[in-house]
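Here are the chains, one letter per residue:
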Amino acid sequence: MASSPLDSELRDAIAARIRFYRDIGVTDFYRRAVEAEPAPIEATLGALGPEAQVPSRMGAPGLASETGDSQQEISTIPTRKPAPALNIIPAQDRAAALQAIRDDIGNCTRCALHKGRNKIVFADGSPTARLMFVGEGPGADEDAQGLPFVGRAGQLLNNMITAMGLKREEVYIANIVKCRPPGNRTPEPDEANTCSPFLMRQIDVVGPEVIVALGATAATYLLGARQPLAGLRGRVHNVRGTKLIVTYHPAYLLRDPRQKKEAWADLQIAMRELGLKAPAKS
Ligand code: SF4
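Residues numbered from 1 in each chain as written. Predicted model: local features only at pLDDT ≥ 70, side-chain atom pairs only at ≥ 80, totals over all residues. Heavy atoms only, no water.

Some remarks on the sheet that holds strand β2 (residues 131-135)
Okay, so step 1: Ordered by their spatial adjacency, six strands build an open sheet running β1-β3-β2-β4-β6-β5, and the pairing between neighbours is mixed. The outermost strands of the open sheet, each flanked by one partner alone, are β1 (124-125) and β5 (237-239).
Okay, so step 2: One ladder, built from two bridges, connects β1 with strand β3 (residues 172-175); its direction is antiparallel. Bridge assignment links Gly 125 to a residue of β3, and that residue is Tyr 172. (Pairing = 2+ DSSP bridges. Helix = DSSP H or I, 4+ residues; strand = E, 2+ residues; numbered from the N terminus.)

Okay, structure coming up:
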């Protein structure tokens, strides 16, 4: 019997997922209820001390770009530290509260990025998510569909979410800027500083327990400080009363799959903070 296009898509998706697991060294499939001990994160990353014990690298040259390339300077300079979150919104009111933010954005022309966009990319996922992912900004696929992380990098992010034992619809996904920068360039500081307050409001409404910053630009504007990616990974930060983990952007991992293992170590920190079990080692 001939296979349907759906069968073929499903096969491709499963194959991609298996490749991702293999790349990050997972050889046994994850089950949320497994009793196995989490993988020895500390052995890989070193002890996770409080943020205050780690020397500040603010102002250091060679800020990592969105791609994770520590040699490439980018001009992302937040103008202020994000303010702490003020309220916890009841779960049943969060969808409406997020819609109110979307309504406030409207057909936004607050920064220059509106000129080249097709669709504003607000967010995707659950208004009551325990885990939130924040990227830099929409690419071509996202601009066309109005959803974050739906291209190849989005497929990889989906695989990362699955590897954590979660579904995409259980997490919340957004970006620092909601309109596509021309040619996928890094958002200019005035663009990111104009748009990111909407993201901060989204964070306050969703109230995730853990945020994962995907790449240096997301980390820069969430933390309100310009630091190299290498100095931010491997430890738990605090943003608006929420734990923040920093890892590579999936687009960078597509270009350099060798770093997937490092990204997986970062995601294991997030899993530990969420009380999720790591996959059992075979
Ligand atoms: Fe408005 Fe943000 Fe789009 Fe700029 S990037 S036009 S601030 S929605």
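Having put the structure on the table, let's press on.
Regarding the confidence of the model for the protein
Okay, so step 1: Residues of the protein with pLDDT of at least 70 account for 67%, and the chain-wide mean is 80.
Okay, so step 2: Counting contacts from residues 27-75, a segment whose pLDDT is below 50, to residues more than four positions away or on other chains yields 102 contacts. (pLDDT = per-residue confidence, 0-100. Contact = heavy atoms within 4.5 Å.)

With respect to helix α7 (residues 216-223)
Okay, so step 1: The element α7 is extensively covered by neighbouring structure, given that eight of its eight residues are classed as buried.
Okay, so step 2: Three or more residues of α7 are buried, namely Ala 216, Thr 217, Ala 218, Ala 219, Thr 220, Tyr 221, Leu 222 and Leu 223.
Okay, so step 3: Contact partners of the buried residues in α7: β2, α6 (189-206), β4 (210-214), α8 (229-232), β5 and β6 (242-247). (Buried < 20%, exposed > 50% of the residue type's maximum accessible area, 1.4 Å probe, protein only.)

Here we look at the packing of helix α3 (residues 94-105) against α6
Helix-helix packing is described using two parameters, namely the angle between the two axes and the distance between the axes.
Okay, so step 1: Two elements in contact, α3 and α6, have axes whose closest approach is 9 Å; the angle formed by their N-to-C orientations is 170 degrees. The orientation of α3 relative to α6 falls into the category roughly antiparallel. The segment α3 lies against α6, with Arg 94, Ala 97, Leu 98, Ile 101, Asp 104 and Ile 105 engaging Phe 198, Arg 201, Gln 202, Val 205 and Val 206.
Okay, so step 2: Grouping the amino acids of the contact of α3 with α6 by side-chain chemistry returns seven nonpolar, one polar and three charged. (Axes fitted to C-alpha atoms, helices over the stretch in contact; angles between N-to-C directions. Parallel < 35°, antiparallel > 145°, perpendicular 65-115°, else oblique. Nonpolar A, V, L, I, M, F, W, Y, C, P; charged D, E, K, R; others polar.)

Concerning helix α5 (residues 152-163)
Okay, so step 1: Taking 1.5 Å per residue as the helical rise, α5 with its 12 residues ought to reach 16 Å, and the 17 Å between its terminal C-alpha atoms agrees with that figure.
Okay, so step 2: Three or more residues of α5 are buried, namely Ala 153, Gly 154, Leu 156, Leu 157, Asn 158, Asn 159, Met 160, Ile 161 and Ala 163.
Okay, so step 3: The positive-phi residue at the C-terminal boundary of α5 is Gly 165, with phi of around 85 degrees. (Expected span 1.5 Å × (residues − 1).)

What to know about the pattern of salt bridges
Okay, so step 1: On inspection of all chains with the given rule, the structure shows 11 salt bridges.
Okay, so step 2: Note that Asp 104 and Arg 201 form a salt bridge whose closest N and O atoms lie 2.7 Å from each other. Of this pair, Asp 104 sits in helix α3 while Arg 201 is found in helix α6, placing the two residues 97 residues apart along the sequence.
Okay, so step 3: The partly exposed category is assigned to Arg 201, whose relative accessible area is 33%. (Salt bridge = Lys/Arg side-chain N within 4 Å of Asp/Glu carboxyl O.)

What about the environment of Arg 233?
Okay, so step 1: The residue Arg 233 is located in the loop between α8 and β5 in this model.
Okay, so step 2: Separated by 17 residues in sequence, Arg 233 and Ala 216 have C-alpha atoms that sit 10.0 Å apart.
Okay, so step 3: Of note is the side chain of Arg 233, whose polar atom sits 3.1 Å from the side chain of Glu 262.
Okay, so step 4: At 2.7 Å, the side chain of Arg 233 forms a polar contact with the side chain of Asp 266. (Polar contact = N/O pair within 3.5 Å; in protein donor to acceptor, adjacent residues only side chain to side chain.)

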